[in-house]
Amino acid sequence: MTQNPTKHTKVLIIGSGPAGYTAAVYAARAMLKPILVHGIEPGGQLTTTTDVENYPGFAEVIQGPWLMDQMKEQAEAVGTEMIQDHIKSVDLKKTPFEAIGDSGQVYTADSIIISTGAQARWLNIESEQKFRGFGVSACATCDGFFFKDKKVAVVGGGNAAVEEAMFLTKFASKVQLIHRRDSLRAEKMLQSKLMANKKIEIIWDSVVEEVIGDNDPKNVKGLKIKNVKTNKIDELKN
């Protein structure tokens, strides 16, 4: 099999969320002919967010997937080359820098912009996938406003979960933090703030078994949780 020739560019961008596409637009407009490498699901976490209200320039609610499509088209229109691949290693000890994709393709670049962003940790249960975007969210700052005066649940015990729970108290009537252990992993200062917030209830030693909701229209009505020590099943309703 013939190996693909090395692809060289002045600017290699790894990642295709808002940061990656923005970098691509600026690099292309500077006549740097960037290459942007994205995975099988370009667009980042905004592609899993339905209603977006906090993006500048839009008075009306817009859709996350649509916004990312627009960014991609803009980056391509000004001269960015888009390649679907997954970068598995980067060598920054020599110049030009070298990146290798799962495809076997070798990319060399004078500059590399790494904009891989973050990825939500999902529970990976069937009902969670069913209600993603219809009451199940992975971004409190993106979607918190839509849960105004409602009871919401946050799953986890680290910094991210604690910070999301505290943020949601600005909108929700009550926040239930569900954690599979009997102690939190978050920083002590964050834990102190969490414990002092009267809007937050912590449900210890528990995991989510099922997201309960309606189908027409789709919306979440509650959660089925299990205590990992007693195996007792409870139902939380919003």
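Structure's up top.
Residues numbered from 1 in each chain as written. Predicted model: local features only at pLDDT ≥ 70, side-chain atom pairs only at ≥ 80, totals over all residues. Heavy atoms only, no water.

What to know about a positive patch on the surface
Convention followed: Put simply, a patch holds well-exposed residues, over 30% relative accessible area, that have no salt bridge, with like charges counted together within 9 Å and Val, Leu, Ile, Met, Phe, Trp or Tyr side chains within 5 Å. Surface accessibility in these figures is a Shrake-Rupley result with a 1.4 Å probe; residues are shielded only by whichever protein chains are displayed. Counted as salt bridges are all cases of a side-chain nitrogen of Lys or Arg within 4 Å of a carboxyl oxygen of Asp or Glu. Positive charge is attributed to Lys and Arg, negative charge to Asp and Glu, and no charge count is given to His or to the chain ends. By convention, the charge on Lys lies at NZ, on Arg at CZ, on Asp at CG and on Glu at CD. Only runs of H or I of at least four residues qualify as helices and only runs of E of at least two qualify as strands under DSSP, and these elements are numbered from the N terminus. Each residue's exposure class comes from its accessible area (1.4 Å probe, protein chains only) as a fraction of the maximum for that residue type: buried when under 20%, exposed when over 50%, partly exposed otherwise.
A surface patch of like charges, here positive, comprises Arg 121, Arg 180, Arg 181 and Arg 185. With respect to the secondary-structure elements, Arg 181 resides in the loop between strand S10 (174-178) and helix H6 (188-196). Using a relative accessible area of 36% as the deciding quantity, one classes Arg 181 as partly exposed.

Quick word on helix H5 (residues 159-168)
Two residues of an α-helix separated by three or four positions point the same way, owing to the 3.6 residues in each turn. The criterion, for reference: In this context, the arc is that of the directions from the helix axis out to the C-beta atoms. Throughout, a contact is declared for two residues whenever any of their heavy atoms are within 4.5 Å.
Within the span of H5, buried status applies to Ala 161, Val 162, Ala 165, Met 166 and Leu 168. On an axial view of H5, the arc spanned by its buried residues comes to 160°, and they lie on one face. Contacts from the buried residues of H5 go to helix H4 (140-143), strand S9 (151-155), S10, H6 and strand S11 (200-203).

What about the packing of H5 against H6?
Stated formally: Helix axes are fitted only over the stretch in contact, all axes being lines through C-alpha atoms; the angle between N-to-C directions runs from 0 to 180 degrees. Whether a crossing is left-handed or right-handed is set by the direction in which the near helix is turned from the far one by less than a right angle, anticlockwise for left-handed and clockwise for right-handed. Residue polarity is assigned by list, with Asp, Glu, Lys and Arg as charged and Ala, Val, Leu, Ile, Met, Phe, Trp, Tyr, Cys and Pro as nonpolar; anything else, Gly included, falls into the polar class.
At a minimum axis distance of 10 Å, the contact between H5 and H6 shows a crossing angle of 35°. Crossing handedness for the pair H5 and H6: left-handed. Packed against H5, whose contacting residues are Asn 159, Val 162, Glu 163, Ala 165 and Met 166, the element H6 presents Leu 190, Lys 193 and Leu 194 at the interface. Split into classes, the residues belonging to the contact of H5 with H6 amount to five nonpolar, one polar and two charged.

What about the pattern of salt bridges?
Counted by the stated rule, this structure contains eight salt bridges. Between Lys 94 and Glu 98 there is a salt bridge, with the nearest N and O atoms lying 3.6 Å from each other. Glu 98 sits in the partly exposed class, given a relative accessible area of 21%. In the salt-bridge network here, residues are joined through shared partners; they are Asp 182, Asp 205 and Lys 229.

Brief notes about the pairing of S9
Going by this rule: DSSP calls a pair of strands paired once it identifies at least 2 bridges connecting them. Note on handedness: a clockwise path from strand one over the helix to strand two, with the strands aimed away from the viewer, defines a right-handed crossover.
Residues Val 152 and Val 154 point to one face of S9 and are all buried, whereas Lys 151, Ala 153 and Val 155, pointing to the other face, are not buried. Where S9 lies against S10, five bridges are found, and the strand directions are parallel. Each residue of the ladder has a partner; that of Val 155, found in S10, is Ile 178. Taking the sense of rotation as the criterion, the β-α-β connection linking S9, H5 and S10 turns out right-handed.

Things to note about unusual backbone geometry
In this model, Thr 95 is joined to Pro 96 through a cis peptide bond whose omega is -5°. As for its placement among the helices and strands, Pro 96 is situated in the loop between strand S6 (87-91) and strand S7 (97-101). Residue Asp 216 is joined to Pro 217 through a cis peptide bond whose omega torsion reads -5°. Along the chain, the position of Pro 217 falls in the loop between strand S12 (206-215) and strand S13 (218-227). Positive phi values are uncommon outside glycine, yet Asp 149 reaches one of about 65°. Structurally, the position occupied by Asp 149 is in the loop between H4 and S9. Residue Asp 149 is classed as exposed on the basis of its relative accessible area of 59%. Positive phi, normally seen in glycine, also occurs at Asn 231, with a value near 65°. Residue position: Asn 231 is located in the loop between S13 and strand S14 (233-237).

Re the layout of surface pockets
Worth spelling out the cut-off: Both cavities and pockets are sets of points on a 1 Å grid over the protein atoms alone; in a cavity a 1.4 Å probe fits but cannot get out, in a pocket the set is open with protein on both sides within 12 Å along at least five of seven lines, and lining residues sit with an atom within 4 Å of a point. Grid points are joined across faces, edges and corners, and a volume is the space filled by probe spheres set on the points.
Considered as a void within the structure, the second largest pocket measures approximately 1,000 Å³ in volume. Lining the second largest pocket are 36 residues; nearest its centre among them are Glu 41, Gly 44, Gln 45, Thr 116 and Ala 118. Contributing elements (two or more residues each) for the lining of the second largest pocket: helix H1 (18-29) and strand S2 (35-38).

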